[in-house]
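Remarks on the overall topology
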Amino acid sequence: MQSAKGKVKEAECGERQADSGRVTIYLMGKPYQVPASLTIMRAMEETGYQFVRGAGCRGGFCGACATVFRTTDTYKLKVGLACQTVIQDGMYLAQLPFYPANKALYSLKDMKAAGELLVQLYPETMRCISCNSCTKICPQDIKVMDYVNAAIRGDIAKCADLSFNCVACGLCATRCPAEISQYHVGMLARRLFGSYILKRAPHTKQMVADIAARKFDPDLDTLTKASTDDLKARYAKREMEK
Amino acid sequence: MAYPLPMQPSIEKLNATRQSRMTQQIPLLPPDQKQTLLEGFHPDYKKGTMRELLLGANKGDKTPHELANLFEAFTATDPAQANLKCPDYDVDVLVIGGGGAGVSAALVAQAAGANVLLVTKLRVADANTTMAQGGIQAADKTNDSPAIHYLDVLGGGGYKNKPDLARALTYDAPAIIAWLEEMGVLFDKNADGTMQTIHGGGTSRKRMHTCRDYTGLEIMRCLKDEMLNCKVPVIEHNAATELVLDPDGRCCGAVLLDLENNRLRVVRAKATILATGGCGRLHVQGFPTSNHYGATADGLVLAYRAGAKLAFIDTIQYHPTGVAFPTQIVGQLITEKVRSVGAQLTNVEGNRFIYELETRDCTASAIIRECQERNLGVKTPTGDFGVWLDTPLIELLKGPGTIQKQLPAMYRQFINFGIDMTKEPILTYPTQHYQNGGILIDDKGETTVKGLYVAGEAAGGIHGRNRLMGNSLLDILVFGRRAGVAASQSALSIGVASQPRLSLDHAKKYNAMAKELGFPKDRKAPILLPDYRPEPYKGHFTFFECR
């Protein structure tokens, strides 16, 4: 019944395999031989793992598959998102699907654009020793230490801008000797910036008021009752904004 | 240069045509040519890929085999194993799903005074919402209106959309943007606060609101942060495997499977909201997908067995530009915003073949035609084909640095694999992206089953046969909020006195029918997660051996 069954197997997770031999990787110390072209995530599946934790979007956006690894050519600890990182021969890895970090609870609508709020809600931020471990480990290449320092200075705008590409994988928090939960600080800064510093769009406010005043109801009444032919004619005559 | 040698002559041709393409105008296709293109090359029209359902509220309706296999299946968990006599949780509103629709529904329902429980089979925010890059539509500029937006939506949907749903979508849109601003979402704005809006495929006004190319991530993390601040109770890694009904057929909760210890749990709820998303991980017709790991149509299966009517289950959206190279990320999304800011599609000869911002069904079909019929695709090392997306053109049109500023996620995705999209083009082919149809709802989000509400991609009718870019981030919030309001009102009106008798008789009956119709015994649904393990591991789902 599945007419395309053969093709399903090939395409499966969207990651196709070029023939490029096999390499050895170590999952939490245990060696496995897997095809060389795979991502870490696909390689783990190849060895029989079925993810319940440690896989989310599989597209590099959710931060569920943070992975730490070492390779034989250097002493350095390396990181990557398992869904976006290709394996290497001798890779020695473990996933960190969860890492505890305390989030402050707050009511955003009762706050204001006060820079000191960042360290008031996350006082441990002040303990930063500028070791830069957070920046070095970030798989998104964010200047984490720089935005933590912006937070210490109370610079909400800078902290928000520098932390924007964060996917909250939590690797920064795993490495911090000052035990800061950096990504939560960034989140707070972005919400304060968006809500209190970035100007609200005047045209959005106006349109909400116009809709509440039922300004567009007659137009919508006409369109929702219109025949398909009428709609087609109107569609063909749309004026396109350049 | 990360492209293998055989692909490089085509890149040179593309570089050579760039100057002349900068001024080339390709008009929108007239309706008859558009229809011919769709019928010839859109995967929905491919013969032998669908079949008529043998049972349920949509008996006789066509749907892809991959979806039909879930409706024509036995229940994944044994209804007799669930302890219905003493539910583990008792709440006003149960929300199933932790993406944008589920979280916005939960926020609104709790604010209305309901006791809410949100359950999700992965983590909150492991959802397509997080992966949505391009933007969110709303008619909030002075040259625009909900009516103009409505006409774009209907034209995009082949005029088949349910009018009241499309109306709700466009009518609530500006208020959704204002709500997100209040929540602190960092929209791309000018210094005076006006939105920097752009076009999407099929829009007649620039009404796409963006947050660089992390629009969905930015919206989702704000929603999640807000939900944590509001202390909405959440249980992660628990998948719903069945809805629970009362003897009158009203939905009053669900059976959950805890994926970490294989225990079944029962939730009794006065109203239930399904926000379980789409079906990309079914890989219809073998297509790769841009969807998250959990997009397996669970909600459709549960609702269908409970008697709900589905709509437009014969139409899947293939996003025109999935990644075609490098092989490791085939099928992942190249946001439409890349074309919105100026990138052009070209074939192996470096020539354009379609206006880039046609509706998605049309653009995808044109790419398939270029590769299959005209044999003008670019061949990859694995023998697949794709067409170029000329991204260096963006920097020529909009200035150097535009890509890093406006498309940081895309730049990161390709530079990871050694491809610098500011200097080299990227290769693309359609990927399974969106479930155009789903569970039929009314404009309050209620289904044909009393007490059951649906929001987000699991819902059907809003987008007709083809959704426009930027209307999904919008619809999850519009109908998430509407379902949250309606479900909490309904739940609170029931009061505390009456406790319904919980029943899974509908599931038992479904199994009996499945047996009578002779479905394969090992065909069970929902599948909860795709299985990408090779033989001999494949198929041994530890989490279905539940206690």
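Bear in mind that the values here come from a model prediction, so they are computed numbers and not experimental data.

When you go through chain B residue by residue, the secondary structure sums to 16 helices and 21 strands. For 547 residues, the compact-globule estimate of 2.2 N^0.38 gives 24 Å, and the C-alpha radius of gyration of chain B, at 23 Å, lies within 12% of that figure. Considering only C-alpha atoms, chain B reaches an extent of 75 × 55 × 40 Å along its principal axes. The buried share of chain B, reckoned over its 547 residues, is 64%. Here the analysis covers contacts within chain B between residues at least 6 apart in sequence; of these, 75% occur between residues at least 24 apart.

With that settled, consider the sheet that holds strand S2 (residues 30-35) of chain A. All names here are of chain A. With respect to topology, five strands assemble into an open sheet ordered S2-S1-S5-S3-S4, the strand pairing being mixed. If you trace the sheet from one side to the other, it starts and ends with S2 and strand S4 (78-81), each paired once. The sheet shows a mean angle of 35 degrees between the axes of neighbouring strands, direction not considered. Relative to strand S5 (residues 92-95), strand S1 (residues 22-27) is paired through two bridges, and the arrangement is parallel. Each residue of the ladder has a partner; that of Leu27, found in S5, is Leu93.

On to the interface of chain B and chain A. Contacts between chain B and chain A engage 81 residues on the former and 75 residues on the latter. Among the elements that take part in the side of chain B that touches chain A, helix H7 (residues 163-182) of chain B stands out by supplying ten residues, more than any other. Of the residues assigned to the side of chain B that touches chain A, the class counts are 36 nonpolar, 27 polar and 18 charged.

Let's shift gears to unusual backbone geometry. All names here are of chain B. With an omega of 5 degrees, the peptide bond running from Phe325 to Pro326 counts as cis. In this fold, Pro326 is placed in the loop between strand S13 (316-323) and helix H10 (337-340). Cis geometry is adopted by the peptide bond preceding Pro526, which originates at Ala525 and carries an omega value of 0 degrees. Tracing the backbone shows Pro526 in the segment after strand S21 (524-525). Within the chain, Arg212 stands out as a residue other than glycine whose phi angle is a positive 50 degrees. Secondary-structure assignment places Arg212 in the loop between strand S7 (208-209) and helix H8 (215-229). Positive phi outside glycine occurs at His237, with the angle close to 55 degrees. As for its position among the elements, His237 is in the loop between strand S8 (234-235) and strand S9 (238-245).

Residues and elements named next belong to chain A. For chain A, the domain assignment lists domain 1 (14-95), domain 2 (108-197) and domain 3 (202-236). Using only C-alpha atoms to locate each centre, domain 1 and domain 2 end up separated by 29 Å. Contacts between domain 1 and domain 2 engage seven residues on the former and seven residues on the latter. Among the elements that line the side of domain 1 that touches domain 2, the one with the most residues is S4, at three residues. Considered class by class, the residues forming the side of domain 1 that touches domain 2 number five nonpolar, two polar and no charged.

What counts, and at which threshold
Residues numbered from 1 in each chain as written. Chains lettered and ligands numbered in written order. Predicted model: local features only at pLDDT ≥ 70, side-chain atom pairs only at ≥ 80, totals over all residues. Helix = DSSP H or I, 4+ residues; strand = E, 2+ residues; numbered from the N terminus. Rg over C-alpha atoms; globule rule 2.2 N^0.38 Å. Buried ≥ 20, exposed ≤ 12 C-beta atoms within 10 Å, placed from the backbone. Contact = placed C-beta atoms within 7 Å. Pairing = 2+ DSSP bridges. Axes fitted to C-alpha atoms, helices over the stretch in contact; angles between N-to-C directions. Nonpolar A, V, L, I, M, F, W, Y, C, P; charged D, E, K, R; others polar. Domains from an automatic or database assignment.

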